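# A structural walkthrough
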Amino acid sequence: MALACAVLLASACRESAGLPEPFETRPVVAPRIAALEREVASDPPIAEPDPELTERVRGLVLDLPMLPSKLRTLQLDEIASIGDAALPVLAAFVVDDGLAEDRRIIAIECAAAIDTPRSVALVAEQIESARAPRVRASAARALVRSSHDELVPRLLLRLKYEMDGETVVWLAVALARFGNYAGLDGVRTLASTDRDSEVQAFAREKWEELASAAGLENGERLWKAWNDGDAIGRVPRSEPSARHRLALWRWIAKLSEHDLRAVDDARFVLSRSDASVVEPLCEALHEKDLYIRVHAAQCLERMGLRARAAGPGLVGALAEARLAPAAAAALGAVGHSSSASVLVRCLDPNADPELRVAAARALASVKHPAAIDALRGLLQSRERSDVRQAAAQSLVMQGHGDDAAPLLIKCLIAPGADASGAEAALEGWLVERTQRGESEAEGLLERWRSFAGPPGETPNPQAVATRQRTRAALLASFVAGTER
Amino acid sequence: MSGPVRPLLGVLVLGVAAWALVAVFRPIAPVAAAQAFASSEQCRSCHAQVFDEWAQSWHAQAWTDPEVRALSNDFQNTDCIDCHASRPVFETGVGQRVLPRSARRSEGIDCIACHLLPENGPEAKSGGLVAGTRDDLSAACRPVAVRALGSPEYCGVCHDQHKTVEQWRQSAYPAEGTACVDCHMPYRDGDMTQGRDHTMHGGHDIELVRRAVELRGHRDGDRWIVEVTNVGAGHHFPTDERSRAGDVFWRPIAAVSSTPQRWRHLYRFRSPYRHEVDLVDTLLPARATKSLPVDDIEARGPIEVALFYKRRPYWNDPDNPAPEQEAELVHRIVLTP
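By convention here, each chain's residues receive numbers from 1 onward along its written sequence. The order in which chains are written sets their letters, starting at A; the order in which ligands are written sets their numbers, starting at 1. Thresholds applied to this predicted model are a pLDDT of at least 70 for local features of residues and 80 or more for the giving and counting of side-chain atom pairs; totals over whole chains, interfaces and linings are not thresholded and use all residues. Only hydrogens and water are set aside; all other atoms, that is, all heavy atoms of the structure, feed into the side-chain values.

### Re the overall build of chain A
As a reminder, the rule being used: Counting from the N terminus, the helices are DSSP H or I runs at least four residues long and the strands are E runs at least two residues long. Buried, partly exposed and exposed residues are distinguished by accessible area as a fraction of the type maximum, computed with a 1.4 Å probe on protein chains only: under 20%, between the cut-offs, and over 50%, respectively. Note on contacts: a residue pair is in contact if any heavy atoms of the two residues lie within 4.5 Å. Per-residue and other accessible areas follow the Shrake-Rupley method at a 1.4 Å probe size, with only the shown protein chains counted as cover for residues. Only four residue types enter the charge count, namely Lys and Arg as positive and Asp and Glu as negative; His and the chain termini do not. Lys charges are placed at NZ, Arg charges at CZ, Asp charges at CG and Glu charges at CD.
When helices and strands are tallied, chain A shows 27 helices and zero strands. Counting across all 484 residues of chain A, residues that qualify as buried make up 52%. When contacts within chain A are restricted to residue pairs at least 6 apart in sequence, those whose partners lie at least 24 apart make up 65%. For chain A, the accessible area works out to roughly 22,000 Å², and carbon and sulfur atoms hold 53% of it. Here chain A contributes 58 positively and 68 negatively charged side chains, and the mean placements of these two sets differ by 4 Å.

### Some remarks on the pattern of salt bridges
Under the convention used in this document: Any carboxyl oxygen of Asp or Glu that lies within 4 Å of a side-chain nitrogen of Lys or Arg is treated as forming a salt bridge with it.
For the structure on display, the rule yields 65 salt bridges over all chains. Across the pair Glu162 of chain A and Arg158 of chain A runs a salt bridge, and its minimum N-O distance is 3.2 Å. We note that Glu162 of chain A, like Arg158 of chain A, is buried. The salt bridge involving Glu220 of chain A is made with Arg188 of chain A; its shortest N-O contact spans 2.7 Å. One end of the pair, Glu220 of chain A, is in helix H13 (residues 219–227); the other, Arg188 of chain A, is in helix H11 (residues 184–192), and 32 residues separate them in sequence. The exposure class assigned to Arg188 of chain A is partly exposed, which follows from its relative accessible area of 29%. Connected via shared salt-bridge partners are Asp264, Arg267 and Arg302 of chain A together with Asp79 and Asp82 of chain B.

### Points about the environment of Ala103 of chain B
Mapped onto the elements of the fold, Ala103 of chain B is located in the loop between helix H6 (89–92) and helix H7 (111–115). Overall, Ala103 of chain B belongs to the buried group, its relative accessible area being 3%. The sequence separation of Ala103 of chain B and Ser86 of chain B amounts to 17 residues, and the corresponding C-alpha distance is 9.7 Å. If sequence neighbours within four positions are ignored, Ala103 of chain B has contacts with Pro353, Glu354, Val357, Arg384 and Asp386 of chain A.

### Focus: the confidence of the model for chain B
Caution applies to low-pLDDT regions: their predicted coordinates should not be interpreted in detail. All names here are of chain B. Convention followed: Confidence of the predictor in every single residue is expressed as pLDDT, which spans 0 to 100.
Per-residue pLDDT for chain B averages 90, and the proportion of residues at 70 or more is 93%. Across chain B, element-level confidence peaks in strand S7 (residues 289–294) with a mean pLDDT of 98 and bottoms out in helix H1 (residues 5–25) with 70. Taken as a whole, residues 28–35 scores under 50 in pLDDT and shows 21 contacts with residues more than four places along the chain or in a different chain. Note on the complex model: pTM 0.88, ipTM 0.86.

### Side note on unusual backbone geometry
Residue and element names in this part refer to chain B. Between Phe237 and Pro238 the backbone carries a cis peptide bond, its omega angle lying at -20 degrees. Within the secondary structure, Pro238 is located in the loop between strand S4 (223–230) and strand S5 (245–252). With a phi angle near 55 degrees, Asp74 is a residue other than glycine that sits in the positive phi range. Relative to the helices and strands, Asp74 is located in the loop between helix H4 (66–71) and helix H5 (81–84).

### Structural notes on helix H3 (residues 51–63) of chain A
Residues and elements named next belong to chain A. Worth spelling out the cut-off: Expected helix span is taken as 1.5 Å per residue step, with the number of steps being one fewer than the number of residues. When we speak of the arc, we mean the arc of directions from the helix axis to the C-beta atoms.
With 13 residues, H3 extends 18 Å between its outermost C-alpha atoms, agreeing within 8% with the 18 Å of an ideal straight helix rising 1.5 Å per residue. Listed in full, the buried residues belonging to H3 are Leu53, Val57, Leu60 and Val61. Seen end-on, H3 carries its buried residues on one side only, within an arc spanning 95 degrees. Among the exposed residues of H3, those pointing more than 90 degrees away from its buried face are Pro51, Glu52 and Glu55. Lining the buried residues of H3 we find helix H4 (69–82), helix H5 (87–94) and helix H6 (101–114).

### Focus: the environment of Asp402 of chain A
Within the secondary structure layout, Asp402 of chain A lies in helix H24 (residues 401–411). Setting aside anything within four residues of it in sequence, one finds Asp402 of chain A in contact with Trp429, Arg433 and Arg436 of chain A.

### Some remarks on the confidence of the model for chain A
Model confidence for chain A is summarised by a mean pLDDT of 90, while 94% of its residues fall at 70 or above. Mean pLDDT across the secondary structure elements of chain A bottoms out at helix H1 (residues 2–16) of chain A, with 52, and peaks at helix H16 (residues 278–284) of chain A, with 98.

### Notes on the packing of aromatic side chains
Residues and elements named next belong to chain A. Inclusion rule: Classification of ring pairs uses Phe, Tyr and Trp, with its six-membered ring standing for Trp, and accepts pairs whose centres are within 6.5 Å; under 30 degrees between planes counts as stacked, over 60 as edge-to-face, and the remaining range as tilted. For a ring to carry a charge above it, either NZ of a lysine or CZ of an arginine must fall within 6 Å of the ring centroid while also lying within 35 degrees of the normal to the ring plane.
Scanning the entire structure with this criterion turns up 12 aromatic pairs over all chains. With a centroid separation of 5.3 Å and 55 degrees between ring planes, the pair formed by Trp170 and Phe202 is classed as tilted. Highlighted residues: Trp170 in helix H10 (residues 165–176) and Phe202 in helix H12 (residues 197–213), separated in sequence by 32 residues. Overall, Phe202 belongs to the buried group, its relative accessible area being 16%. Just above the ring of Trp223 sits the side chain of Arg188; from NZ or CZ to the centre is 3.6 Å.

### Some details on the sheet that holds strand S8 (residues 303–310) of chain B
Sheet strands pair via backbone hydrogen bonds, and the direction of the pair is either parallel or antiparallel. All names here are of chain B. Rules: A pair of strands is considered paired only if DSSP assigns at least 2 bridges between the two. As a rule, the C-alpha atoms of each element are fitted with a line to give its axis, helices using only the stretch in contact, and angles between N-to-C directions run from 0 to 180 degrees.
Read from one edge of the open sheet, four strands run S6-S5-S8-S9, paired in antiparallel fashion. A strand with exactly one partner marks an edge of an open sheet, and here the two such strands are strand S6 (264–269) and strand S9 (328–335). When strand polarity is set aside, the average angle formed by the axes of neighbouring strands in this sheet is 20 degrees. Where S5 meets S8, eight bridges bridge the pair, whose relative direction is antiparallel. The residue bridging Ala245 from the neighbouring strand is Lys310, located in S8.

### Topic: the side chain of Glu162 of chain A
Residue and element names in this part refer to chain A. Condition: Pairing of N or O atoms within 3.5 Å defines a polar contact, subject to two protein rules: one partner must be a possible hydrogen donor and the other a possible acceptor, and residues neighboring in sequence count only if both atoms are side-chain atoms.
Relative to the helices and strands, Glu162 resides in the loop between helix H9 (152–161) and H10. Judged by its relative accessible area of 6%, Glu162 falls in the buried class. A distance of 2.8 Å separates the side chain of Glu162 from the side chain of Arg136, its partner in a polar contact. Within the structure, the side chain of Glu162 is placed 2.8 Å from the backbone nitrogen of Asp164, a separation counted as a polar contact. Setting aside its immediate chain neighbours within four residues, Glu162 contacts Ile127, Arg136, Thr167, Val168 and Leu171.

Put into structure tokens, the structure is as follows:
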């Protein structure tokens, strides 16, 4: 009886301590894609339009610019009613680089009005490939009323490469239609820069419009709500369609590609998707393919607080040695309630150094007293130098730079240390002290920054080393002075 | 309960309780086998020459290189970490993409990244710890010969991300038996017994760049034709990062007493970033020549032509580029009718 109780007690304690179950990997991505491909109806082939239909569509398109607004709407409805059968004719207009922009834009608008998976794909291709910014902007604008959420990943990817301000704003508006506010970063930047006043005014207008449409007070609140994981539940959500889920799984599959560009694109798209991607990414943590496991964890890390629900999955992933460092990094970022205790246990001296360093770094984002205590404990000299430095840098980010500064100053000149990382952390520490109102720190920060060199110029390694030595001497005397 | 049964039961219960306590408070992290190598510094004592060569190389500076830090925004662009602080190549396999590491990032692409063998790999079963050019299990690091170590597929795990190895494959060099290490890690003093130089000179070495390309010019009617030939690079010129460019400039020769005229841009060799949709790839393949007519009325007389190598793609003032301040001179020629 006592034996049975002891065994039950041990199991219960193991569970409540959050110790991970053995970690299993299996094919995850391919079966998911296969299942969704079966679920998504495949589009029937489009027949080559007969001459009569071709003429009819051409006529509708060419007449459109001349019509008053009400008739225009009717004309677009007529084109929409033709459906995919009109696409071959519209595509001929749309892809013709030699055609006047206005004509191409009209054809894009017509294609968007049809609003089928194939028609919106045609429009999305123009956002991706048209050389003229005006055509790209018009294509993004045309998708604002689309009902096809499978476009979201394509629109997100375009945010990575688009350089035209107006297009960026329309992409953000189109994405917002589906409850994805990743485009707000670009709109926010455009709204605050004054390089092009017209674009700036347009960005400001849409910044507030999007907030109002979402029922929030202003653009800043919406942006914060999106990035903070929408703890207040104010950001509109929509359930992804089967096509959208299929698109997401296909992006997850790209995490396995050899070409890093494809992987980078996938990480970009997935980390900017809404919270509905968290569950697939957590499933992907169990994928047999190591690349997918690791990069799925990275995507969750990059989502930050929006991936809070991934906490339990990431804790489980710590049991897989090759995945554990990426899982630890993600745990720090997603802000799960168990992150502090779990990451502190990852610092165990017997753990893999990769995991220990990753956990020390991850603790920078975990607001918990246990995190601070653990990081302070790592500053001891018997620790590995990279673990100590990671802990020191995390302490600065936690607002406890005073504890870390002496070690980081040594890292500026110690052989083998990450001097550039120490430099960035120390500047953060000086900023923190300046913000506390310390006038001496303010003067020091000014002197620190004076060693930076002319903006826009990249110093050579020798100049960097000289700068770091000078800064080390500057701070060493400051710290020595404050300790006296 | 009689005799020794009670005390025995008590001991058993205590033992189970102790086991339960251990199970609860045992560390969560998977316990890794003790790493044979914690830092490439450990290699220095036996391999001082190689270590010193490597320490000067751009592999060693992959994490600290100021240009990389500027282009990656101090690795805020974490995509860059995969190649600039990678896990050991043999962990994922030759020809397979590397994964990023968390520890020792300041050591860049170091001995461990290139030579450490996985603990559960076939070489480990025979006792090998690191990949080398010969078997010597009596040595402290227990090297085993791994032919793949010097192969282009090996370099390609990182360097083919920007298609450098693919460019080499498209050239005549594979058929001629010339691979990456032949130019970038030659035998010391040309002697196979001396081992390979680990300085790994590349695009940062302007002398190597100079040997890679030739600049010439000839007259065609009343105009000049400038030619750039990729004579010595086993891949395109320039290669690897899209931030690199080769720029050809010209200017009329000024009279002896007057100020040199401003440089006029003639052509750029570069692979554009993906967002630069208005630019095309103009990299110069191995052994190819690009002919550039100088169609300017001011170029009818003697001109000076120069090829510059730029590691950051944009000029401070695009309308008035200053190649002598912002780039490195590769070749300069004077063309006189």
